[in-house]
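Inside the fold
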Amino acid sequence: MTYQAFAAPVAQSPVDVRVSYLRKVAGLTFLGVSTSGLVAALAAFVISLVPALQSQMAQLVIILGSFGIAQYGARSLVFSNSAPSRYLGFAVGSVFQGIAMGYLVLTALLMGAELFGSPFMLLFQAMGMVSLTAMGMLMYIMTGPREFSMVKGALSAMSLPMLGLMALSFIFPIGGTFGILISMAFVAFSAGAVMYQLNTVIHEMSSEMHVEGAYTVTMGLLVLFWNLLTLLMKLQRR
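A brief structural summary. Computed from a predicted structure; not experimentally measured. Sequence order as written defines the numbering, with residues in each chain counted from 1. With the structure being a predicted model, the display of local features is reserved for residues of pLDDT at least 70 and the display and counting of side-chain atom pairs for 80 or more, all residues being used for whole-chain, interface and lining totals. Water and hydrogen atoms play no part in the side-chain values, which are based on all heavy atoms of the structure.

**Here's the deal with the overall build of the protein chain**
Helical segments are the DSSP runs of H or I of at least four residues, strand segments are the runs of E of at least two, and each set is numbered from the N terminus. Across its full length, the protein chain carries 7 helices and 0 strands. Each radius of gyration reported is based on C-alpha atoms, and the globular scaling rule is 2.2 Å times the count of residues to the power 0.38. Taken against the 2.2 N^0.38 rule, which gives 18 Å for 238 residues, the C-alpha radius of gyration of the protein chain at 18 Å falls within 12% of a compact globule. Taking the principal axes of its C-alpha atoms as reference, the protein chain extends roughly 50 × 35 × 35 Å. Note on classification: 1.4 Å probe, protein chains only; a residue is buried when its accessible area is under 20% of the maximum for its type, exposed when over 50%, partly exposed between these limits. Put simply, the protein chain has 238 residues, and 45% of those count as buried. Any two residues whose heavy atoms approach within 4.5 Å are treated as being in contact. Restricting the contact set of the protein chain to residue pairs at least 6 apart, pairs at least 24 apart contribute 83%. Note that accessible areas follow from Shrake-Rupley with a 1.4 Å probe, and for residues the cover is restricted to the protein chains shown. Looking at the protein chain as shown, the accessible area adds up to about 11700 Å², and 72% of this sits on carbon and sulfur atoms. The charge count treats Lys and Arg as positive and Asp and Glu as negative. His and the chain ends do not count. Where a charge lies is defined by one atom per residue type, namely NZ (Lys), CZ (Arg), CG (Asp) and CD (Glu). Side-chain charges of the protein chain comprise 10 positive and 6 negative groups, with the mean position of each set lying 6 Å from the other.

The structure is reproduced here in C-alpha coordinates:
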(Lines give C-alpha, C1' and ligand atoms only; values in the text may rest on other atoms or scores of the structure.)
Protein backbone atom coordinates (compact mmCIF):
# COMPACT_ATOMS: atom_id res chain seq x y z
CA MET A 1 0.00 0.00 0.00
CA THR A 2 1.46 3.36 -1.02
CA TYR A 3 0.38 6.84 -0.04
CA GLN A 4 0.86 10.15 -1.79
CA ALA A 5 4.19 11.12 -0.29
CA PHE A 6 4.07 14.63 -1.80
CA ALA A 7 0.92 15.56 0.14
CA ALA A 8 0.79 16.29 3.85
CA PRO A 9 -1.31 13.96 6.05
CA VAL A 10 -4.84 15.19 6.58
CA ALA A 11 -4.14 15.61 10.31
CA GLN A 12 -1.76 18.45 9.39
CA SER A 13 -4.24 20.18 7.09
CA PRO A 14 -6.44 23.17 8.01
CA VAL A 15 -9.57 22.44 10.02
CA ASP A 16 -11.96 22.91 7.09
CA VAL A 17 -9.94 20.46 4.98
CA ARG A 18 -9.92 17.88 7.77
CA VAL A 19 -13.67 18.22 8.30
CA SER A 20 -14.37 17.90 4.57
CA TYR A 21 -12.11 14.83 4.33
CA LEU A 22 -13.71 13.11 7.31
CA ARG A 23 -17.19 13.80 5.98
CA LYS A 24 -16.29 12.27 2.63
CA VAL A 25 -14.71 9.23 4.28
CA ALA A 26 -17.71 8.77 6.59
CA GLY A 27 -20.20 9.15 3.75
CA LEU A 28 -18.43 6.71 1.49
CA THR A 29 -17.92 4.26 4.35
CA PHE A 30 -21.64 4.35 5.11
CA LEU A 31 -22.37 3.80 1.42
CA GLY A 32 -19.91 0.91 1.23
CA VAL A 33 -21.19 -0.83 4.37
CA SER A 34 -24.81 -0.34 3.25
CA THR A 35 -24.02 -1.71 -0.20
CA SER A 36 -22.35 -4.78 1.27
CA GLY A 37 -25.31 -5.32 3.59
CA LEU A 38 -27.85 -5.13 0.76
CA VAL A 39 -25.77 -7.43 -1.44
CA ALA A 40 -25.36 -9.87 1.48
CA ALA A 41 -29.14 -9.95 2.00
CA LEU A 42 -29.72 -10.56 -1.71
CA ALA A 43 -27.02 -13.25 -1.77
CA ALA A 44 -28.57 -14.94 1.27
CA PHE A 45 -31.96 -14.98 -0.48
CA VAL A 46 -30.48 -16.48 -3.65
CA ILE A 47 -28.51 -19.10 -1.69
CA SER A 48 -31.66 -20.17 0.16
CA LEU A 49 -33.38 -20.82 -3.20
CA VAL A 50 -30.55 -22.59 -5.03
CA PRO A 51 -29.49 -25.92 -3.47
CA ALA A 52 -26.37 -26.10 -5.65
CA LEU A 53 -25.01 -23.02 -3.88
CA GLN A 54 -25.41 -24.64 -0.47
CA SER A 55 -22.71 -27.29 -0.88
CA GLN A 56 -19.45 -26.90 0.98
CA MET A 57 -17.53 -26.71 -2.28
CA ALA A 58 -19.72 -23.88 -3.55
CA GLN A 59 -19.28 -22.05 -0.26
CA LEU A 60 -15.52 -22.52 -0.39
CA VAL A 61 -15.22 -21.16 -3.94
CA ILE A 62 -17.64 -18.25 -3.51
CA ILE A 63 -16.47 -17.06 -0.10
CA LEU A 64 -12.73 -17.35 -0.77
CA GLY A 65 -13.09 -15.95 -4.28
CA SER A 66 -15.17 -13.00 -3.09
CA PHE A 67 -12.77 -12.31 -0.22
CA GLY A 68 -9.89 -12.28 -2.68
CA ILE A 69 -11.60 -9.86 -5.05
CA ALA A 70 -12.85 -7.55 -2.29
CA GLN A 71 -9.73 -7.42 -0.15
CA TYR A 72 -7.00 -7.62 -2.80
CA GLY A 73 -8.28 -7.26 -6.37
CA ALA A 74 -10.35 -4.18 -5.59
CA ARG A 75 -7.56 -2.68 -3.49
CA SER A 76 -5.28 -2.38 -6.53
CA LEU A 77 -7.96 -0.29 -8.25
CA VAL A 78 -8.67 1.84 -5.18
CA PHE A 79 -4.99 2.72 -4.72
CA SER A 80 -4.45 3.57 -8.39
CA ASN A 81 -3.81 6.99 -9.90
CA SER A 82 -7.12 7.12 -11.75
CA ALA A 83 -10.15 8.62 -9.98
CA PRO A 84 -12.67 6.46 -11.93
CA SER A 85 -10.64 3.35 -11.06
CA ARG A 86 -10.63 4.27 -7.39
CA TYR A 87 -14.42 4.58 -7.28
CA LEU A 88 -14.80 1.41 -9.34
CA GLY A 89 -12.53 -0.46 -6.95
CA PHE A 90 -14.50 0.82 -3.98
CA ALA A 91 -17.76 -0.40 -5.56
CA VAL A 92 -16.28 -3.78 -6.51
CA GLY A 93 -14.87 -4.30 -3.03
CA SER A 94 -18.18 -3.45 -1.35
CA VAL A 95 -20.19 -5.73 -3.64
CA PHE A 96 -17.92 -8.77 -3.40
CA GLN A 97 -17.50 -8.42 0.35
CA GLY A 98 -21.30 -8.53 0.50
CA ILE A 99 -21.37 -11.67 -1.64
CA ALA A 100 -18.88 -13.34 0.70
CA MET A 101 -21.11 -12.45 3.65
CA GLY A 102 -24.24 -13.95 2.10
CA TYR A 103 -23.75 -17.37 3.66
CA LEU A 104 -22.98 -15.90 7.07
CA VAL A 105 -26.02 -13.62 6.97
CA LEU A 106 -28.31 -16.49 5.94
CA THR A 107 -27.04 -18.63 8.83
CA ALA A 108 -27.49 -15.75 11.28
CA LEU A 109 -31.03 -15.11 10.06
CA LEU A 110 -32.02 -18.75 10.48
CA MET A 111 -30.41 -19.00 13.90
CA GLY A 112 -31.97 -15.74 15.07
CA ALA A 113 -35.43 -16.89 14.01
CA GLU A 114 -34.98 -20.22 15.77
CA LEU A 115 -33.53 -18.93 19.03
CA PHE A 116 -35.14 -15.52 19.46
CA GLY A 117 -38.16 -15.56 17.19
CA SER A 118 -36.57 -12.66 15.29
CA PRO A 119 -34.27 -13.41 12.34
CA PHE A 120 -32.49 -10.08 12.74
CA MET A 121 -31.53 -10.35 16.41
CA LEU A 122 -27.98 -11.63 15.95
CA LEU A 123 -27.36 -9.26 13.05
CA PHE A 124 -28.48 -6.26 15.10
CA GLN A 125 -26.31 -7.34 18.02
CA ALA A 126 -23.23 -7.62 15.81
CA MET A 127 -23.99 -4.30 14.08
CA GLY A 128 -24.37 -2.55 17.42
CA MET A 129 -21.13 -3.96 18.74
CA VAL A 130 -19.21 -2.95 15.61
CA SER A 131 -20.67 0.57 15.70
CA LEU A 132 -19.81 1.12 19.36
CA THR A 133 -16.32 -0.34 18.92
CA ALA A 134 -15.62 1.84 15.88
CA MET A 135 -16.83 5.01 17.61
CA GLY A 136 -14.70 4.31 20.66
CA MET A 137 -11.64 3.65 18.50
CA LEU A 138 -12.23 6.81 16.47
CA MET A 139 -12.44 8.95 19.60
CA TYR A 140 -9.19 7.44 20.84
CA ILE A 141 -7.38 7.91 17.52
CA MET A 142 -8.57 11.50 17.12
CA THR A 143 -6.64 12.50 20.23
CA GLY A 144 -3.38 12.03 18.35
CA PRO A 145 -1.34 9.63 16.19
CA ARG A 146 -0.54 6.24 17.69
CA GLU A 147 2.29 3.82 17.20
CA PHE A 148 1.11 0.53 15.71
CA SER A 149 4.31 -0.94 14.35
CA MET A 150 3.63 -4.35 15.87
CA VAL A 151 0.07 -4.36 14.55
CA LYS A 152 1.31 -3.32 11.12
CA GLY A 153 3.74 -6.22 11.06
CA ALA A 154 1.09 -8.67 12.19
CA LEU A 155 -1.32 -7.41 9.54
CA SER A 156 1.25 -7.84 6.80
CA ALA A 157 1.94 -11.41 7.87
CA MET A 158 -1.51 -12.58 8.98
CA SER A 159 -4.18 -10.77 6.92
CA LEU A 160 -4.33 -13.31 4.09
CA PRO A 161 -4.12 -16.42 6.33
CA MET A 162 -6.79 -14.97 8.63
CA LEU A 163 -9.22 -14.40 5.76
CA GLY A 164 -8.70 -17.98 4.64
CA LEU A 165 -9.17 -19.30 8.16
CA MET A 166 -12.28 -17.15 8.61
CA ALA A 167 -13.83 -18.78 5.56
CA LEU A 168 -12.72 -22.30 6.47
CA SER A 169 -13.87 -22.04 10.08
CA PHE A 170 -17.31 -20.99 8.85
CA ILE A 171 -17.62 -23.69 6.20
CA PHE A 172 -16.08 -26.39 8.40
CA PRO A 173 -17.02 -25.09 11.87
CA ILE A 174 -15.02 -25.94 14.95
CA GLY A 175 -17.31 -26.30 17.95
CA GLY A 176 -16.80 -26.21 21.67
CA THR A 177 -14.48 -24.05 23.70
CA PHE A 178 -11.66 -24.28 21.17
CA GLY A 179 -13.88 -22.92 18.41
CA ILE A 180 -14.95 -20.03 20.62
CA LEU A 181 -11.33 -19.22 21.48
CA ILE A 182 -10.44 -19.16 17.78
CA SER A 183 -13.32 -16.77 17.07
CA MET A 184 -12.27 -14.56 19.98
CA ALA A 185 -8.75 -14.41 18.54
CA PHE A 186 -10.19 -13.41 15.15
CA VAL A 187 -12.26 -10.67 16.80
CA ALA A 188 -9.22 -9.33 18.67
CA PHE A 189 -7.09 -9.36 15.54
CA SER A 190 -9.69 -7.66 13.35
CA ALA A 191 -10.39 -5.06 16.06
CA GLY A 192 -6.69 -4.26 16.21
CA ALA A 193 -6.67 -4.01 12.43
CA VAL A 194 -9.54 -1.50 12.46
CA MET A 195 -7.73 0.67 15.01
CA TYR A 196 -4.56 0.60 12.93
CA GLN A 197 -6.55 1.41 9.78
CA LEU A 198 -8.33 4.35 11.43
CA ASN A 199 -4.97 5.70 12.60
CA THR A 200 -3.62 5.37 9.06
CA VAL A 201 -6.63 7.05 7.46
CA ILE A 202 -6.52 10.04 9.82
CA HIS A 203 -2.81 10.52 10.47
CA GLU A 204 -1.05 9.20 7.35
CA MET A 205 -3.30 9.64 4.32
CA SER A 206 -3.59 12.97 2.53
CA SER A 207 -6.82 14.92 2.18
CA GLU A 208 -7.16 13.78 -1.46
CA MET A 209 -7.34 10.12 -0.42
CA HIS A 210 -10.93 9.97 0.80
CA VAL A 211 -11.80 7.01 -1.43
CA GLU A 212 -8.76 5.08 -0.24
CA GLY A 213 -9.59 5.97 3.35
CA ALA A 214 -13.23 4.93 3.02
CA TYR A 215 -12.29 1.64 1.37
CA THR A 216 -9.77 0.85 4.10
CA VAL A 217 -12.27 1.55 6.88
CA THR A 218 -15.14 -0.23 5.11
CA MET A 219 -13.23 -3.45 4.58
CA GLY A 220 -11.92 -3.40 8.15
CA LEU A 221 -15.37 -2.89 9.66
CA LEU A 222 -16.92 -5.64 7.54
CA VAL A 223 -14.23 -8.13 8.56
CA LEU A 224 -14.79 -7.17 12.20
CA PHE A 225 -18.54 -7.63 11.71
CA TRP A 226 -17.95 -11.10 10.22
CA ASN A 227 -15.86 -12.18 13.19
CA LEU A 228 -18.17 -10.70 15.84
CA LEU A 229 -21.23 -12.29 14.25
CA THR A 230 -19.44 -15.64 14.00
CA LEU A 231 -18.48 -15.41 17.68
CA LEU A 232 -22.05 -14.55 18.71
CA MET A 233 -23.39 -17.55 16.80
CA LYS A 234 -20.85 -19.89 18.36
CA LEU A 235 -21.74 -18.65 21.83
CA GLN A 236 -25.41 -19.35 21.11
CA ARG A 237 -24.62 -22.90 20.00
CA ARG A 238 -23.10 -23.81 23.40
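**Some remarks on the nonpolar core**
When a protein is soluble and globular, its nonpolar side chains tend to lie buried together. In this description, a nonpolar core means a group of buried Ala, Val, Leu, Ile, Met, Phe, Trp, Tyr and Cys residues linked to one another through side-chain atoms lying within 4.5 Å. Grouped together as the largest cluster of nonpolar side chains are 63 residues, with contacts concentrated most on Ile63, Phe67, Met166, Trp226 and Leu229. Elements that contribute at least two residues to this core include exactly helix H1 (15–49), helix H2 (56–78), helix H3 (83–116), helix H4 (121–142), helix H5 (149–171), helix H6 (176–203) and helix H7 (210–237). A per-element tally of this core places H7 first, with 16 residues.

Everything listed here is a matter of geometry and, on its own, says nothing about what the molecule does.
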